[in-house]
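# A structural walkthrough
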Amino acid sequence: MRTSAREAVFKYMFARLFNPSDEGLFAVLCKDLKDDDKKFASDLMQTILTNEQSYLDKLQQLSNGYDIGRIYRVDKCALVIAMAEFDCCPQTPVAVIVDEYVNLVAKYSTENSTNFVNGILAEYVKEKANG
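Residues numbered from 1 in each chain as written. Predicted model: local features only at pLDDT ≥ 70, side-chain atom pairs only at ≥ 80, totals over all residues. Heavy atoms only, no water.

## Overview of the overall build of the chain
To keep things clear, this is the line we draw: Helix and strand definitions here come from DSSP, where helices need a minimum of 4 consecutive H or I residues and strands a minimum of 2 consecutive E residues; each element is numbered from the N-terminal end. Relative accessibility decides the category of a residue: with a 1.4 Å probe and only protein chains considered, values under 20% of the type maximum give buried, values over 50% give exposed, and everything between is partly exposed. In this description, contact between two residues means that some pair of their heavy atoms is separated by no more than 4.5 Å. Each accessible area is a Shrake-Rupley estimate made with a 1.4 Å probe; only the visible protein chains count as cover when residues are assessed. Positive charges come from Lys and Arg alone, negative charges from Asp and Glu alone, with His and the N- and C-terminal ends not counted. Where a charge sits is defined by one atom per residue type, namely NZ (Lys), CZ (Arg), CG (Asp) or CD (Glu).
Helix and strand counts for the chain stand at six helices and zero strands. Overall, the chain shows an N-to-C arrangement of helices and strands of α-α-α-α-α-α. Seen through its C-alpha atoms, the chain measures out along the principal axes to roughly 40 × 30 × 30 Å. Here the chain holds 131 residues, and 40% of them are scored as buried. Taking as baseline every contact in the chain between residues at least 6 positions apart, the subset at least 24 positions apart corresponds to 67%. A total of about 7,300 Å² of accessible surface is found on the chain, and carbon and sulfur atoms cover 50% of it. In the chain, which carries 15 positive and 19 negative side-chain charges, the distance between the mean positions of the two groups comes to 1 Å.

## Topic: the nonpolar core
Rules: The definition of a nonpolar core used throughout is a set of buried Ala, Val, Leu, Ile, Met, Phe, Trp, Tyr and Cys residues joined through side-chain atoms within 4.5 Å.
If you look at the biggest cluster of nonpolar residues, it comprises 41 residues, and the most contacted ones within it are V9, L44, I48, I81, Y101 and L121. For this core, the element with the most residues is helix α4 (residues 73–88), which contributes ten residues. With residues up to four places along the chain from it excluded, the contact list for L44 reads V9, I81, A84, E85, C88 and Y101.

## Examining the packing of helix α1 (residues 3–16) against helix α5 (residues 94–108)
Which entries qualify depends on this criterion: Axis definition: a line fitted to C-alpha atoms, over the contacting stretch in the case of helices. Angles run 0 to 180 degrees between N-to-C directions. Between 65 and 115 degrees an angle is taken as roughly perpendicular, under 35 as roughly parallel, over 145 as roughly antiparallel, and anywhere else as oblique. In this scheme the handedness of a crossing depends on how the near helix is turned from the far one: anticlockwise by less than a right angle means left-handed, clockwise means right-handed. Polar here means any residue outside two lists: the nonpolar Ala, Val, Leu, Ile, Met, Phe, Trp, Tyr, Cys and Pro, and the charged Asp, Glu, Lys and Arg; Gly therefore counts as polar.
The interhelical angle for the contact between α1 and α5, taken along N-to-C directions, is 55°, at an axis separation of 11 Å. Considering the angle they form, α1 stands oblique to α5. For the pair α1 and α5, the crossing hand works out as right-handed. Contact residues: T3, R6, E7, F10 and K11 in α1; V96, E100, Y101, L104, K107 and Y108 in α5. Of the residues that constitute the contact of α1 with α5, the class distribution is five nonpolar, one polar and five charged.

## Quick notes on helix α6 (residues 113–129)
Put simply, the rule is: Take the number of residues in a helix, subtract one, and multiply by 1.5 Å to get its expected span. Directions are taken from the helix axis to each C-beta atom, and the arc is the one they span.
Between its first and last C-alpha atoms α6 spans 24 Å; for 17 residues at 1.5 Å apiece the expected length is 24 Å, and the two agree. Every buried residue of α6 is accounted for by S113, T114, V117, I120, L121 and Y124. One face of α6 carries all of its buried residues, which in axial projection span an arc of 140°. For α6, the exposed residues lying more than 90 degrees away from the buried face are N115 and A129. Buried residues along α6 sit in contact with α3 (35–62), α4 and α5. Once α6 finishes, G131 follows within two positions and takes phi at roughly 80°, a positive value.

See below:
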């Protein structure tokens, strides 16, 4: 399962908020992953870095006027990564992706974050399905 790879990407993205120049951290976070999980994490990171602003713009739109600057950073990281995974891994079932990131925010964020992240991801999936 890719849970450890997702968590490595999550930790790197969160750390990047505070120290964007620490590029060696990603390699350290991925060092114990199996080769296929490292590739998954690397592909996911590339998708995020290429499209990060568009994911943030989409998050602003989906948050119904709620300023994304007020969204918990942990939740924002999880949402951006989940959106990227929907784009780079269309073969992964939607329920798996949603569940993985809801579990991450349950582990690292607030009690109410799971409902918020689940709701935003449900809207994102709905929009993607409707084209």
